[in-house]
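Chain and residue survey
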Amino acid sequence: MPRLRWSLLVIAVVLLATPALGQGATPSQKRKNADAAVDRNIIFSSAETINKGALTINSYELFLLGLTYGFSNDFQGSFTTLLPITADFPLTMMFSGKWQFLNTGKILVSLQPNFGFMTQEGDTLGGFGIGIAADFIVDDDGEYVFTLSETNMMLFGNVGSDGVLSDGVAFAVAAGFTARVARAVKLLVEMSVPGAAVWDRGDFELFPEGTLFSYGVRFFGETVAVDLSFLRPIHPDADAGFLVMGFPYLTFSARF
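Residues numbered from 1 in each chain as written. Predicted model: local features only at pLDDT ≥ 70, side-chain atom pairs only at ≥ 80, totals over all residues. Heavy atoms only, no water.

With respect to the environment of T211
As a reminder of what qualifies: Helix and strand assignments come from DSSP, with helices taken as H or I runs of at least 4 residues and strands as E runs of at least 2, each series counted from the N terminus. Note on classification: 1.4 Å probe, protein chains only; a residue is buried when its accessible area is under 20% of the maximum for its type, exposed when over 50%, partly exposed between these limits. Contact definition: two residues touch when any of their heavy atoms are within 4.5 Å. Pairs of N or O atoms are called polar contacts if they sit within 3.5 Å, as long as, within protein, a hydrogen donor faces a hydrogen acceptor (for residues adjacent in sequence, only side-chain-to-side-chain pairs).
With respect to the helices, strands and loops of the structure, T211 is situated in the loop between β11 (203-206) and β12 (212-220). Residue T211 is classed as buried on the basis of its relative accessible area, which comes to 9%. Considered as a pair, T211 and A172 are 39 residues apart in the sequence and their alpha carbons are 9.6 Å apart. For T211, the residues in contact, after removing those within four places along its chain, are M191, S192, V193, P194, R232, P233 and I234. Here P208 takes part through its backbone oxygen, which lies 2.8 Å from a polar atom of the side chain of T211.

Considering unusual backbone geometry
Residue E61 is not a glycine yet carries a positive backbone phi of 55°. For E61, the position within the fold is in the loop between β1 (55-60) and β2 (64-72). On the basis of relative accessibility, which here comes to 31%, the residue E61 falls in the partly exposed class. In the Ramachandran plot, L62 falls in the positive-phi region, its phi being about 70° despite a non-glycine side chain. Within the secondary structure, L62 sits in the loop between β1 and β2.

Things to note about the pattern of salt bridges
Any two side chains of opposite charge can pair, on the condition that their charged atoms come close. Selection criterion: Within this document, salt bridges are pairs made up of a side-chain nitrogen of Lys or Arg and a carboxyl oxygen of Asp or Glu, the two lying within 4 Å of each other.
Scanning the model with the defined rule gives eight salt bridges in all. Notably, a salt bridge pairs R31 with D135, separated by 3.0 Å at the nearest N-O pair. Of this pair, R31 sits in helix α2 (residues 27-34) while D135 sits in strand β6 (residues 123-137); the two residues are 104 residues apart in sequence, bridging distant segments of the chain. A single burial state applies to R31 and to D135, both of which are buried. Salt-bridge contacts for D35 lead to R218; the nearest nitrogen and oxygen are separated by 2.9 Å.

Considerations on the side chain of T92
On the secondary structure map, T92 appears in strand β4 (residues 91-103). T92 gets classed as buried once you look at its relative accessible area, which sits at 5%.

Examining the environment of F95
Summarising the element assignment, F95 is placed in strand β4. When sequence neighbours within four positions are dropped, the list of residues in contact with F95 reads S78, F79, P113, N114 and F115.

Side note on the packing of aromatic side chains
Selection criterion: When the centres of two rings from Phe, Tyr and Trp lie within 6.5 Å, Trp using its six-membered ring, the rings pair. Their planes under 30 degrees apart give stacked, over 60 give edge-to-face, and anything left gives tilted.
All told, the structure shown has twelve aromatic pairs when counted by the stated rule. Between F71 and F75 the ring centres are 5.9 Å apart and the planes differ by 40°, which places this aromatic pair in the tilted class. Each ring, one from F115 and one from F117, has its centre 6.3 Å from the other, and the planes form 50°; the classification is tilted. A relative accessible area of 23% means that F117 is categorised as partly exposed. An aromatic cluster of at least three residues, connected via ring pairs, comprises F79, F95, F115, F117, F128 and F156.

Structural notes on the layout of surface pockets
This is how it is decided: Site definitions follow a grid-based scheme: protein atoms alone, a 1 Å grid, a 1.4 Å probe that fits but cannot get out for cavities, and for pockets an open set with protein on both sides within 12 Å along at least five of seven lines, plus lining residues having an atom within 4 Å of a point. Grid points are joined across faces, edges and corners, and a volume is the space filled by probe spheres set on the points. When residue character is reported, Ala, Val, Leu, Ile, Met, Phe, Trp, Tyr, Cys and Pro are called nonpolar, Asp, Glu, Lys and Arg charged, and the others, Gly included, polar.
A volume near 1400 Å³ is recorded for the largest pocket. Secondary structure elements with two or more residues in the lining of the largest pocket: β1, β2, β3 (75-82), β4, β5 (107-120), β6, β7 (144-159) and β9 (168-182). Class assignment for the residues of the lining of the largest pocket results in 23 nonpolar, 20 polar and four charged.

Details of the pairing of strand β10 (residues 185-198)
For clarity, the cut-off: We treat two strands as partners when DSSP finds at least two bridges between them.
When β9 meets β10, the two strands line up antiparallel, connected through 14 bridges. Counterpart to F177 in the pairing with β10 is V189. Taking the residues between adjacent antiparallel strands as the criterion, β9 and β10 are bridged by two residues. Sheet analysis places β10 next to β12, joined by eight bridges and oriented antiparallel. Across the sheet, the residue bridging to L187 is V217, located in β12. Looking at chain direction, β10 and β11 are connected through four bridges and run antiparallel. The residue bridging G195 from the neighbouring strand is L206, located in β11.

Describing the confidence of the model for the protein
Our working definition: Per residue, pLDDT measures the predictor's confidence, with a range of 0 to 100.
Looking at the protein, the pLDDT average stands at 86 and 84% of residues meet or exceed 70. Across residues 6-22, confidence stays below pLDDT 50; counting only partners more than four residues off in sequence or on other chains, it has zero contacts.

Now the structure itself:
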(Lines give C-alpha, C1' and ligand atoms only; values in the text may rest on other atoms or scores of the structure.)
Protein backbone atom coordinates (compact mmCIF):
# COMPACT_ATOMS: atom_id res chain seq x y z
CA MET A 1 0.00 0.00 0.00
CA PRO A 2 2.77 2.54 0.82
CA ARG A 3 4.40 1.66 -2.50
CA LEU A 4 1.13 2.43 -4.32
CA ARG A 5 0.87 5.79 -2.56
CA TRP A 6 4.44 6.70 -3.62
CA SER A 7 3.69 5.63 -7.20
CA LEU A 8 0.57 7.78 -7.31
CA LEU A 9 2.55 10.73 -5.88
CA VAL A 10 5.25 10.39 -8.54
CA ILE A 11 2.63 10.22 -11.30
CA ALA A 12 0.89 13.33 -9.90
CA VAL A 13 4.19 15.29 -9.83
CA VAL A 14 4.96 14.28 -13.42
CA LEU A 15 1.50 15.31 -14.60
CA LEU A 16 1.78 18.66 -12.84
CA ALA A 17 5.26 19.30 -14.26
CA THR A 18 4.42 18.32 -17.85
CA PRO A 19 2.55 21.54 -18.81
CA ALA A 20 5.44 23.65 -17.54
CA LEU A 21 7.95 21.60 -19.49
CA GLY A 22 5.89 21.91 -22.65
CA GLN A 23 5.30 25.64 -22.57
CA GLY A 24 8.04 26.28 -25.11
CA ALA A 25 9.76 29.60 -25.65
CA THR A 26 9.37 32.46 -23.21
CA PRO A 27 8.08 35.88 -24.39
CA SER A 28 11.70 37.10 -24.38
CA GLN A 29 12.88 34.19 -26.55
CA LYS A 30 10.02 34.62 -29.02
CA ARG A 31 10.84 38.30 -29.41
CA LYS A 32 14.57 37.61 -29.74
CA ASN A 33 14.17 34.91 -32.39
CA ALA A 34 11.75 36.94 -34.51
CA ASP A 35 13.58 40.29 -34.76
CA ALA A 36 17.10 40.73 -36.19
CA ALA A 37 17.36 44.15 -34.49
CA VAL A 38 15.97 43.08 -31.11
CA ASP A 39 18.94 44.48 -29.15
CA ARG A 40 18.08 48.12 -29.95
CA ASN A 41 15.11 50.43 -30.21
CA ILE A 42 15.52 53.54 -32.40
CA ILE A 43 18.64 55.27 -31.03
CA PHE A 44 19.10 53.63 -27.65
CA SER A 45 19.75 50.03 -26.78
CA SER A 46 17.17 47.65 -25.40
CA ALA A 47 17.97 45.22 -22.57
CA GLU A 48 17.88 42.24 -24.93
CA THR A 49 20.98 40.48 -26.27
CA ILE A 50 21.45 38.40 -29.39
CA ASN A 51 21.92 34.63 -29.22
CA LYS A 52 25.25 32.93 -28.54
CA GLY A 53 27.33 32.65 -31.71
CA ALA A 54 25.16 35.11 -33.67
CA LEU A 55 26.74 37.96 -35.62
CA THR A 56 24.78 41.10 -36.52
CA ILE A 57 25.91 43.74 -39.02
CA ASN A 58 24.33 47.16 -38.47
CA SER A 59 24.30 50.25 -40.66
CA TYR A 60 23.22 53.62 -39.25
CA GLU A 61 22.43 56.37 -41.77
CA LEU A 62 24.84 54.58 -44.17
CA PHE A 63 27.77 56.40 -42.51
CA LEU A 64 28.18 54.25 -39.40
CA LEU A 65 28.94 50.53 -39.60
CA GLY A 66 28.54 48.27 -36.57
CA LEU A 67 29.27 44.63 -35.72
CA THR A 68 27.73 42.78 -32.77
CA TYR A 69 28.67 39.26 -31.66
CA GLY A 70 26.93 37.09 -29.08
CA PHE A 71 29.57 35.56 -26.80
CA SER A 72 26.78 33.89 -24.82
CA ASN A 73 23.00 34.13 -24.65
CA ASP A 74 23.30 36.93 -22.10
CA PHE A 75 26.50 38.76 -23.14
CA GLN A 76 27.36 40.49 -26.40
CA GLY A 77 30.08 42.84 -27.64
CA SER A 78 29.76 45.56 -30.29
CA PHE A 79 32.13 47.63 -32.43
CA THR A 80 31.01 50.67 -34.43
CA THR A 81 33.01 52.91 -36.76
CA LEU A 82 32.44 55.89 -39.04
CA LEU A 83 33.09 54.86 -42.64
CA PRO A 84 35.85 56.98 -44.28
CA ILE A 85 33.64 58.25 -47.09
CA THR A 86 35.78 61.38 -47.49
CA ALA A 87 39.40 62.06 -46.56
CA ASP A 88 38.49 64.58 -43.86
CA PHE A 89 36.26 62.19 -41.89
CA PRO A 90 37.71 61.59 -38.39
CA LEU A 91 38.85 58.13 -37.35
CA THR A 92 36.05 56.95 -35.09
CA MET A 93 35.88 53.76 -33.04
CA MET A 94 33.29 52.80 -30.44
CA PHE A 95 33.19 49.65 -28.33
CA SER A 96 30.40 48.48 -26.06
CA GLY A 97 29.25 45.42 -24.20
CA LYS A 98 25.94 44.24 -22.84
CA TRP A 99 25.50 41.86 -19.93
CA GLN A 100 21.95 40.75 -19.29
CA PHE A 101 21.98 39.79 -15.62
CA LEU A 102 18.21 39.40 -15.19
CA ASN A 103 15.70 37.67 -17.45
CA THR A 104 12.42 36.41 -16.01
CA GLY A 105 10.92 35.91 -19.48
CA LYS A 106 9.05 39.21 -19.29
CA ILE A 107 11.43 41.47 -17.35
CA LEU A 108 14.99 41.95 -18.64
CA VAL A 109 17.76 44.12 -17.16
CA SER A 110 21.22 44.70 -18.67
CA LEU A 111 24.40 46.60 -17.86
CA GLN A 112 26.14 48.20 -20.85
CA PRO A 113 29.77 49.40 -20.55
CA ASN A 114 31.01 51.61 -23.39
CA PHE A 115 34.21 53.20 -24.67
CA GLY A 116 34.96 55.22 -27.78
CA PHE A 117 37.10 57.92 -29.37
CA MET A 118 37.55 59.97 -32.52
CA THR A 119 40.78 61.51 -33.75
CA GLN A 120 41.65 63.94 -36.53
CA GLU A 121 44.79 65.96 -37.26
CA GLY A 122 46.27 65.33 -33.83
CA ASP A 123 43.11 66.09 -31.89
CA THR A 124 41.52 63.24 -29.95
CA LEU A 125 38.26 63.18 -28.06
CA GLY A 126 36.91 60.11 -26.35
CA GLY A 127 34.67 58.88 -23.61
CA PHE A 128 33.89 55.90 -21.41
CA GLY A 129 31.02 54.98 -19.17
CA ILE A 130 28.29 52.49 -18.37
CA GLY A 131 24.55 52.35 -18.85
CA ILE A 132 21.61 50.28 -17.70
CA ALA A 133 18.47 49.26 -19.58
CA ALA A 134 15.31 47.42 -18.58
CA ASP A 135 12.68 45.85 -20.83
CA PHE A 136 9.13 45.11 -19.67
CA ILE A 137 7.31 42.70 -21.98
CA VAL A 138 3.54 43.09 -21.71
CA ASP A 139 2.21 39.99 -23.47
CA ASP A 140 3.07 36.30 -23.78
CA ASP A 141 4.32 36.60 -27.38
CA GLY A 142 6.79 39.45 -26.86
CA GLU A 143 4.92 41.81 -29.16
CA TYR A 144 4.52 44.81 -26.82
CA VAL A 145 7.56 46.06 -24.92
CA PHE A 146 8.39 49.10 -22.77
CA THR A 147 12.06 50.04 -22.37
CA LEU A 148 13.71 52.37 -19.85
CA SER A 149 17.41 53.20 -20.07
CA GLU A 150 20.09 55.49 -18.69
CA THR A 151 23.53 55.94 -20.29
CA ASN A 152 26.60 57.73 -18.85
CA MET A 153 29.80 59.01 -20.49
CA MET A 154 32.96 60.73 -19.15
CA LEU A 155 35.09 62.62 -21.68
CA PHE A 156 38.87 62.65 -22.14
CA GLY A 157 41.43 63.64 -24.77
CA ASN A 158 42.95 66.77 -26.23
CA VAL A 159 41.72 69.49 -28.58
CA GLY A 160 44.55 71.69 -29.86
CA SER A 161 46.89 72.43 -26.98
CA ASP A 162 44.19 71.95 -24.34
CA GLY A 163 43.70 68.71 -22.48
CA VAL A 164 40.20 67.41 -21.90
CA LEU A 165 39.23 65.43 -18.83
CA SER A 166 35.69 65.89 -17.67
CA ASP A 167 35.03 66.70 -14.02
CA GLY A 168 31.62 65.14 -14.35
CA VAL A 169 29.54 62.88 -16.52
CA ALA A 170 27.19 63.43 -19.42
CA PHE A 171 24.16 61.18 -19.47
CA ALA A 172 20.90 60.52 -21.27
CA VAL A 173 17.68 59.01 -20.01
CA ALA A 174 15.29 57.39 -22.45
CA ALA A 175 11.94 55.63 -22.56
CA GLY A 176 10.66 53.63 -25.50
CA PHE A 177 7.80 51.42 -26.62
CA THR A 178 7.57 48.89 -29.46
CA ALA A 179 4.39 47.29 -30.74
CA ARG A 180 4.15 44.53 -33.32
CA VAL A 181 1.20 45.45 -35.54
CA ALA A 182 1.65 42.86 -38.31
CA ARG A 183 3.62 39.67 -38.87
CA ALA A 184 6.75 41.60 -39.93
CA VAL A 185 5.99 45.19 -38.86
CA LYS A 186 6.59 47.03 -35.58
CA LEU A 187 5.81 50.59 -34.57
CA LEU A 188 8.56 52.29 -32.52
CA VAL A 189 8.49 55.37 -30.29
CA GLU A 190 11.24 56.73 -28.06
CA MET A 191 11.74 59.81 -25.89
CA SER A 192 15.20 60.87 -24.70
CA VAL A 193 16.55 63.73 -22.57
CA PRO A 194 20.28 64.54 -22.11
CA GLY A 195 21.84 65.87 -18.92
CA ALA A 196 25.06 66.32 -16.97
CA ALA A 197 26.37 65.94 -13.43
CA VAL A 198 29.45 67.82 -12.16
CA TRP A 199 31.25 66.27 -9.20
CA ASP A 200 32.87 69.26 -7.47
CA ARG A 201 29.73 71.43 -7.62
CA GLY A 202 27.27 68.65 -6.91
CA ASP A 203 25.24 69.76 -9.93
CA PHE A 204 22.75 67.44 -11.57
CA GLU A 205 20.89 68.95 -14.49
CA LEU A 206 18.70 67.84 -17.36
CA PHE A 207 18.81 69.73 -20.67
CA PRO A 208 15.18 69.78 -21.86
CA GLU A 209 16.15 71.74 -24.97
CA GLY A 210 17.86 68.55 -26.18
CA THR A 211 14.75 66.39 -25.77
CA LEU A 212 14.09 64.16 -28.78
CA PHE A 213 10.85 62.41 -29.67
CA SER A 214 11.71 59.62 -32.09
CA TYR A 215 9.20 57.49 -33.94
CA GLY A 216 9.15 55.10 -36.86
CA VAL A 217 8.38 51.71 -38.27
CA ARG A 218 10.48 48.53 -38.39
CA PHE A 219 10.17 45.90 -41.11
CA PHE A 220 11.77 42.83 -39.60
CA GLY A 221 12.42 39.14 -39.83
CA GLU A 222 14.74 36.58 -38.25
CA THR A 223 17.72 37.66 -40.37
CA VAL A 224 17.02 41.23 -41.61
CA ALA A 225 15.48 44.37 -40.10
CA VAL A 226 15.07 47.88 -41.54
CA ASP A 227 13.98 50.93 -39.50
CA LEU A 228 12.50 54.05 -41.11
CA SER A 229 12.41 56.63 -38.33
CA PHE A 230 12.34 60.36 -37.59
CA LEU A 231 14.09 62.24 -34.76
CA ARG A 232 12.05 65.28 -33.74
CA PRO A 233 13.28 67.95 -31.27
CA ILE A 234 10.22 68.96 -29.25
CA HIS A 235 11.46 71.74 -26.98
CA PRO A 236 10.04 75.18 -27.93
CA ASP A 237 13.59 76.55 -28.30
CA ALA A 238 14.64 73.73 -30.62
CA ASP A 239 14.45 74.32 -34.35
CA ALA A 240 14.08 71.48 -36.82
CA GLY A 241 13.94 73.96 -39.69
CA PHE A 242 11.82 72.89 -42.60
CA LEU A 243 11.79 69.24 -41.44
CA VAL A 244 8.29 69.16 -40.00
CA MET A 245 8.42 65.42 -39.35
CA GLY A 246 11.93 65.58 -37.89
CA PHE A 247 15.31 64.36 -39.08
CA PRO A 248 15.10 61.11 -41.12
CA TYR A 249 16.99 58.22 -39.55
CA LEU A 250 17.55 54.98 -41.46
CA THR A 251 19.02 51.85 -39.88
CA PHE A 252 19.62 48.37 -41.25
CA SER A 253 20.52 45.10 -39.49
CA ALA A 254 21.45 41.68 -40.85
CA ARG A 255 21.88 38.71 -38.50
CA PHE A 256 23.94 35.60 -39.30
